[in-house]
Amino acid sequence: MGDPRNVAHAKKVVQEKRHKDKHPPKAAVPQRPKKAEIENKKEPAAAESAVPKPEAEKPAQPAESAQLEKSLAVLSKLKELEFHSRANIEKLAELSLTIEEELKQKAFADAIGAVYAAQDSFQSKILKLIENYQAECARLSGSA
């Protein structure tokens, strides 16, 4: 019996040949027109219609829906930043204790205290931003 790797390779080659025979190259398939070309063709038809249709209001709703989706993604990223900020504060507190209590390095204790204060300030600001952004997302979801 042959090496299983050779058998598996031969099987793969046979499958690829069968797949190529069933599906001719895609170059022979006509390509779809680009989005800009489609829009250019639609514009003259829209200009001919003098009576506004109720469908003209429908694109506003998907735009609001898309805006809500993107806003929720931003909110998720903000929450992720806040999570990491909280973790940084905890690590800085541990390091501060180590530097002050165990190593007795006063100069570095002051420096890490300043970094801790800056991170704490960031934490407060990101929490406020998240709160305001959640209110905006709620407003968008209510109007959509």
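First things first, this report covers the structure right here in the doc. (Residues numbered from 1 in each chain as written. Predicted model: local features only at pLDDT ≥ 70, side-chain atom pairs only at ≥ 80, totals over all residues. Heavy atoms only, no water.)

Leu-75, Leu-78, Ile-126, Ile-130 and Cys-137 together form the largest nonpolar core, which totals five residues. Those elements that provide at least two residues to this core are helix 3 (60-102) and helix 4 (106-143). Those residues in contact with Ile-130, other than ones at most four positions away along the chain, are Leu-75, Leu-78, Lys-79 and Glu-82. (Core = buried A, V, L, I, M, F, W, Y, C linked by side-chain atoms within 4.5 Å. Buried < 20%, exposed > 50% of the residue type's maximum accessible area, 1.4 Å probe, protein only. Helix = DSSP H or I, 4+ residues; strand = E, 2+ residues; numbered from the N terminus. Contact = heavy atoms within 4.5 Å.)

Residue position: Ala-138 is located in helix 4. Through-space distance from the C-alpha of Ala-138 to that of Leu-72 is 9.7 Å; in sequence the pair is 66 residues apart.

Counted at 1.5 Å a residue, the expected span for helix 4 with its 38 residues is 56 Å, and the 56 Å between its end C-alpha atoms agrees. All buried positions along helix 4 are accounted for by Ala-109, Ile-112, Gln-119, Gln-123, Ile-126, Ile-130, Cys-137 and Leu-140. (Expected span 1.5 Å × (residues − 1).)

On to the pattern of salt bridges, then. Taken as a whole, this structure holds four salt bridges when the rule is applied. Two residues, Glu-82 and Arg-86, come together in a salt bridge whose shortest N-O distance is 2.8 Å. Highlighted residues: Glu-82 and Arg-86, both in helix 3, separated by four residues, approximately one helical turn. Taking relative accessible area as the criterion, Glu-82 reaches 9% and is therefore assigned buried. Given a relative accessible area of 36%, Arg-86 falls into the partly exposed group. We note a salt bridge from Glu-136 to Arg-139, for which the minimum N-O separation is 2.6 Å. Here Glu-136 pairs with Arg-139, and both are found in helix 4, just three residues apart, close to one helical turn. Relative accessible area serves as the criterion here: at 28%, Glu-136 is assigned to the partly exposed category. (Salt bridge = Lys/Arg side-chain N within 4 Å of Asp/Glu carboxyl O.)

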